[in-house]
Amino acid sequence: MNAFLNRIENGETLELGPVSIVGRSSECQVIIPDPRVSRRHAMVRKQDGGFYLFDLGSFNGSYLNGARLTAARQLRHGDIISFADHEFHYTESGSSQSLQNTDDFGGSTIALIRSTPVVLLVSDIKGFTALSEELEADDLAQIIGGWYSDCELILSEEGATLDKFIGDCVLAYWTTVNTDSLRAALRAANRLLDSCERIYDARPDVFAKIHRRFEIGVALHTGKVAYGGMSQGEFTLVGDPVNLTFRLESLTRELESNVLLSGDFIKELPEIRNHCKNLGVRSIKGRARGVAVYALESFPE
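Among the 6 residues that make up strand E6 (residues 50-55), 6 are buried, leaving the element largely enclosed by the rest of the structure. Both strand E5 (residues 42-47) and E6 contribute to a ladder of 6 bridges, which runs antiparallel. If you follow Val44 over to E6, its bridge partner there is Leu53. Count of turn residues in the E5/E6 antiparallel hairpin: 2 residues, of which Asp48 carries a positive phi of about 55°. Relative to strand E9 (residues 73-74), E6 runs antiparallel, the two sharing 2 bridges. The partner of Leu53 across the bridge, within E9, is Arg73.

Quick look at the structure:
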């Protein structure tokens, strides 16, 4: 499936890539040279067989069919997207196809699926439901959008592949398991925690009104997953390690720790054990065997 933004004011048609940043910066894929548009205003990202629109904490907001965006939304053919008073018509052509694609000669191409060890990172906003209930829509849009923007930048700079955003949650991975990738995952976790302070410091008045801080949980794990083209033009990963990492992240609330590591992660980077507290073997919903869990108490230099 191909997707396009058609600029209503001049008829220009822009084809969307896997990730398209919208803003006034010359580095953006969709450039809007208007001071009312933020340098990195919004993002359109392909995931789960469709294209999703994210506001990146812009000052003036991103609007979908007249409503301000407060969380990621999947785009539909015919949607109208607005930044300031610049309107775009979202259109799609073609359709997602199965893993086996027939060519003009009657043959077929099978998407290559690899089984490979990866380093996994899952992060989630704590108390997102309460934030959504207590904050005004404009404030929520800027805060959540700022978090989306930080995730996209930090994970990219640390060499991760950002697989997808799922509401207030992000899944990313490194396709090699070695000291460099494991340390990159730790740096990413540290920087994501630091971003919470930046987001809080940017709007202390808002958070003071609801008597809470902006916090996230992060889980790091390693394991072998199926990785490759799950649909035409889209790569992702599936397998038990992915599910386990999501379950591990959900324990950050119960165990009152911002960053949890699995025993498998510790085995690959033994020196990190000195920075951790062993929380023992914990039961994980849907799994017969427990999982060794460690709370990260400090980050290495």
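Now that the structure has been shown, the text picks up again.
Another point: the sheet that holds strand E1 (residues 2-7). As summarised here, the arrangement of the 6 strands in space is E2-E1-E11-E10-E7-E8, forming an open sheet in which the pairing is antiparallel. Both edges of this open sheet fall to strand E2 (13-15) and strand E8 (67-68), since each of them pairs with a single strand only.

Moving on to empty space enclosed by the protein. Picture a little ball the size of a water molecule; that probe, rolled over the atoms, points out where space is still empty. Tallied over the full model, the rule gives 1 cavity of 30 Å³ or more. Put simply, the largest cavity is a space of about 30 Å³. Around the largest cavity, the lining residues are Asp55, Leu69, Thr70, Ala71, Ala141, Ile144, Gly145 and Tyr148. With 4 residues, the single largest contributor to the lining of the largest cavity is helix H2 (residues 137-157). In terms of residue class, the lining of the largest cavity is made up of 5 nonpolar, 2 polar and 1 charged.

In this section: the side chain of Ser195. By secondary structure assignment, the location of Ser195 is in helix H3 (residues 179-202). Beyond its immediate chain neighbours, meaning those up to four positions away, Ser195 contacts Asp150 and Ile154.

Once that is clear, we can look at the nonpolar core. Counting 53 residues, the largest nonpolar core has Trp147, Leu155, Phe214 and Leu261 as its most contacted members. Of all the elements, H3 adds the most residues to this core, at 11 residues. Sequence-distant contacts of Phe214, that is, excluding residues within four places in its chain, are made with Ile125, Leu131, Ile143, Trp147, Cys196, Ile199, Tyr200 and Phe207. Counting residues in each nonpolar core, the second largest holds 20 residues, with Val44, Leu64, Leu69 and Leu75 among its members.

Mapped onto the elements of the fold, Ala71 is located in the loop between E8 and E9. Once the C-alpha coordinates of Ala71 and Leu53 are considered, the two residues, 18 residues apart in sequence, prove to be 8.6 Å apart. In contact with Ala71, other than residues within four places in its own chain, are Leu53 and Tyr148.

Reading guide: rules and limits
- Residues numbered from 1 in each chain as written.
- Predicted model: local features only at pLDDT ≥ 70, side-chain atom pairs only at ≥ 80, totals over all residues.
- Heavy atoms only, no water.
- Buried < 20%, exposed > 50% of the residue type's maximum accessible area, 1.4 Å probe, protein only.
- Helix = DSSP H or I, 4+ residues; strand = E, 2+ residues; numbered from the N terminus.
- Pairing = 2+ DSSP bridges.
- 1 Å grid on protein atoms, 1.4 Å probe; cavity = no way out; pocket = protein on both sides within 12 Å on 5 of 7 lines; lining within 4 Å.
- Points joined across faces, edges and corners; volume = space filled by probe spheres on them.
- Nonpolar A, V, L, I, M, F, W, Y, C, P; charged D, E, K, R; others polar.
- Contact = heavy atoms within 4.5 Å.
- Core = buried A, V, L, I, M, F, W, Y, C linked by side-chain atoms within 4.5 Å.

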